[in-house]
Amino acid sequence: MPLPRRLIAAIALLLVIPLHAPVPAAVADKVKFNLSWLPQGSTGGVLVAIGKGFYAEAGLDVSAVRGYGGQRTVNEIAQGLFEFGYGDPVSVMLNRAQGGATVMVAALNTQWPAALCYVDRAGRTLKSLADLKGLTLGGGAASPVHNIAPAWLALNGLPATHLKLLRLDPAVINTALLDGRIDLAECWEGANRPVLEKLGRESGKTIKWLRYRDFSLNLYGNGIVTSAKLMAANPDLVRRFVKATLRGYEFQQQRPQEAVDVIVAQAKLLERQTLLQQILEANALVKDADLTVPRGRIRDDRMLATVEFVKRAFSGTQSVRPADTYTNRFVE
């Protein structure tokens, strides 16, 4: 017996409605990023990617969390407390030497960004490592400078005693330098160097510096670090995060002043001029000196040189293989 027309129409309507019903938006993957320190220009690309919605477009809900130094950051990634962080090869190697399994998945600082800052007193300019003889270098108690500086001196044919190393609370290093209690303080482009310069200007002092990389130190600086566990469990998430982060750094490089606006909207206490200087310094470090190398890619020769230096500087890292410390699969 044929169905009544009204019943047929009702059934047809029920079949059509689901086709036109709104499709629920996909739930974004939550990600925590460890900044390794306070918000600043060196990690500005991450903050830009948050503020401009690059992560959201990649299906990611990213929160940036302040950190407490590179080594702790990488260890916390290994422990699963963060999915990603701003870490360096030294910290990755030390973590692996202690049984961790962290990996650098993209380069951000293609050059080692550290320098030795000093106060320009009576026109004094340090032009060579010979000029450092007998000077006191202050560093945080857990800072890698206490290992890197002696190995760097050895690389240049100088004894570890060429400098006097002093362990200090990180909170007093800038003050100690400005007050003349130490001669040198390790400073970082894109991070605390502009802050130190600002403090110097406010106290009527000029800050100058001697860069490690100008004297044979051919190391990679910081990059994006994650865990081998996350790489294996969710490689798509790692790839999306890396791509969106590099997009943030590209935006910061092309529009530094706009990047300041985006970052200050998230961290309102930042001083705009200092942040802009940090961004400009960080921009100079992101692109490899070999312009044919794609953004974020880690060169095998450079990482090999980095690993070899770290093995000389830090005991216990000899068993770490270069191939275990990095991968380019997420930037290709």
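The notes below deal with the structure included here. (Residues numbered from 1 in each chain as written. Predicted model: local features only at pLDDT ≥ 70, side-chain atom pairs only at ≥ 80, totals over all residues. Heavy atoms only, no water.)

**Some thoughts on the nonpolar core**
Soluble globular proteins tend to bury their nonpolar side chains together. Just so we agree on the cut-off: For this analysis, a nonpolar core means a set of buried residues of the types Ala, Val, Leu, Ile, Met, Phe, Trp, Tyr and Cys, connected via side-chain atoms within 4.5 Å. Whether a residue is buried, partly exposed or exposed follows from its accessible area with a 1.4 Å probe, protein chains only, as a fraction of its type maximum: under 20%, in between, or over 50%, in that order. A run of H or I in DSSP becomes a helix once it reaches four residues, and a run of E becomes a strand once it reaches two; helices and strands are each numbered from the N terminus. By the convention used here, residues are in contact when the closest approach between their heavy atoms is within 4.5 Å.
Counting residues in each nonpolar core, the largest one holds 42 residues, and the members touching the most others are L132, W152, L184 and Y212. Sorting the residues of this core by element identifies α4 (70-78), α5 (89-97), β4 (102-107), β5 (114-119), α6 (145-155) and α13 (300-313) as the ones contributing at least two each. If you tally residues by element for this core, the top one is α6, at six residues. Beyond its immediate sequence surroundings of up to four residues, Y212 is in contact with W112, A114, A115, L116, V145, I148, A149, W152, E186 and L217.

**Describing the pattern of salt bridges**
To keep things clear, this is the line we draw: A pair is scored as a salt bridge if a Lys or Arg side-chain nitrogen falls within 4 Å of a carboxyl oxygen belonging to Asp or Glu.
The final tally for this structure, using the stated rule, is 19 salt bridges. Among the salt bridges present, the one from D214 reaches R211, with a minimum N-O distance of 3.0 Å. Judged by its relative accessible area of 45%, D214 falls in the partly exposed class. One network of salt bridges, with partners in common, ties together E189, R193, R213 and E281.

**Quick word on the layout of surface pockets**
Counted only if it meets this: Both cavities and pockets are sets of points on a 1 Å grid over the protein atoms alone; in a cavity a 1.4 Å probe fits but cannot get out, in a pocket the set is open with protein on both sides within 12 Å along at least five of seven lines, and lining residues sit with an atom within 4 Å of a point. Grid points are joined across faces, edges and corners, and a volume is the space filled by probe spheres set on the points. Throughout, the ten residues Ala, Val, Leu, Ile, Met, Phe, Trp, Tyr, Cys and Pro are labelled nonpolar, Asp, Glu, Lys and Arg are labelled charged, and all others, Gly among them, are labelled polar.
Its volume calculated, the largest pocket comes out at about 1,400 Å³. Among the elements of the structure, α4, α5, β6 (136-140), α6, α7 (173-178), β8 (184-188), α8 (192-202) and α12 (272-286) are those that each provide at least two residues to the lining of the largest pocket. Looking at the lining of the largest pocket residue by residue, the class counts come to 24 nonpolar, 19 polar and five charged. For the second largest pocket, the calculated volume is near 190 Å³. Along the walls of the second largest pocket sit I77, A78, G80, F82, E83, A101, S227, A228, K229 and L230, which together make up its complete lining. Partitioned by chemical class, the residues of the lining of the second largest pocket number six nonpolar, two polar and two charged.

That's the geometry; what it means functionally is another story.
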